[in-house]
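An overview of the molecular structure
Spelled out, the chains give:
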Amino acid sequence: QKQYVLLILKAHTASAVSQDAYKACLKEVLEKYPKDPSLTLISLDYYYMVKDFNNLFRAIDDLKSYTNDDFLEYFTGNYAYEIGEFQMARESFEFIVDEYPSFTSAEIMLLHTYNALESNTEALALLDTMVANGYSKDKLIDFVKSDINDFYKTKDFRNWRKHH
């Protein structure tokens, strides 16, 4: 037990020193205590740093089962988007947008995901919903122009911009 606490403190201290030192400490902790559910949250950092997305998704699923926290789906969406698993990202972000309708970051990531999937109809429906919920249409247009320029250039978006 004493060694466990010291390893956790060592990892925490290493995080302030360097990412490599932190990664090495996390690896040591996870290797020595592989079945400890209290380390699941820490393991997310490690698996992300080493780009082990299979274990990262498994750890998120484990954390969901331990905590019943459905907001973890947002992290699944972000990591899935990062590795180009756009369908998985879509499902995660759609869930978060449905469950947490005022969470703008999830809506923005869902727009990016729809764009990656070339799902213009869904993207436009989401923009309509965002405008109906009080977002400024002009600001959304500016956002799409600056952040999702290829979608901005589509005929679908041009029509939406003109007619809504």
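Preceding block: the structure.
Computed from a prediction, not measured in an experiment: that's the story for all the values here. (Residues numbered from 1 in each chain as written. Predicted model: local features only at pLDDT ≥ 70, side-chain atom pairs only at ≥ 80, totals over all residues. Heavy atoms only, no water.)

When the charged atoms of two side chains with opposite charge come close together, those side chains can pair. Throughout the structure, instances matching the rule amount to nine salt bridges. Residue Lys-10 is joined to Glu-28 by a salt bridge in which the shortest nitrogen-to-oxygen separation is 3.2 Å. Here Lys-10 is found in helix α1 (residues 2–17), whereas its partner Glu-28 is found in helix α2 (residues 19–32), with 18 residues between them in sequence. Under the relative-accessibility criterion, Glu-28 is labelled partly exposed at 24%. Two residues, Asp-61 and Lys-64, come together in a salt bridge whose shortest N-O distance is 3.6 Å. In this pair, Asp-61 and Lys-64 both sit in helix α4 (residues 53–67), three residues apart, roughly one turn of the helix. Counted as one network, the salt bridges with shared partners bring together Lys-10, Glu-28 and Lys-32. (Salt bridge = Lys/Arg side-chain N within 4 Å of Asp/Glu carboxyl O. Helix = DSSP H or I, 4+ residues; strand = E, 2+ residues; numbered from the N terminus. Buried < 20%, exposed > 50% of the residue type's maximum accessible area, 1.4 Å probe, protein only.)

In this section: helix α8 (residues 120–132). Counted at 1.5 Å a residue, the expected span for α8 with its 13 residues is 18 Å, and the 18 Å between its end C-alpha atoms agrees. The complete set of buried residues in α8 reads Asn-120, Ala-123, Leu-124, Leu-126, Leu-127 and Met-130. Axial view of α8: buried residues confined to an arc of 160°, hence all on one face. Seen from the open side of α8, the exposed residues pointing more than 90 degrees away from its buried face are Thr-121 and Ala-132. If you follow the buried residues of α8, they end up packed against α7 (104–116), α9 (137–147), α10 (149–152) and α11 (155–163). (Expected span 1.5 Å × (residues − 1). Arc of directions from axis to C-beta. Contact = heavy atoms within 4.5 Å.)

Considering all chains together, one arrives at 17 aromatic pairs under this definition. Ring geometry for Phe-71 against Phe-103: centres 5.2 Å apart, planes inclined by 65°, an arrangement best described as edge-to-face. Taken together, the residues Phe-71 in the loop between α4 and α5 (72–82) and Phe-103 in the loop between α6 (86–99) and α7 connect sequence positions 32 residues apart. Taking relative accessible area as the criterion, Phe-71 reaches 23% and is therefore assigned partly exposed. Residue Phe-103 is classed as partly exposed on the basis of its relative accessible area of 24%. Pairwise contacts between aromatic rings join Phe-71, Tyr-74, Phe-75, Phe-93, Tyr-100 and Phe-103 into one cluster. Here the basic side chain of Lys-51 rests over the ring of Tyr-48, its NZ or CZ set 3.7 Å away from the ring centre. (Phe/Tyr/Trp six-rings, centres within 6.5 Å; stacked < 30°, edge-to-face > 60°. Lys NZ or Arg CZ within 6 Å of the ring centre and 35° of its normal.)

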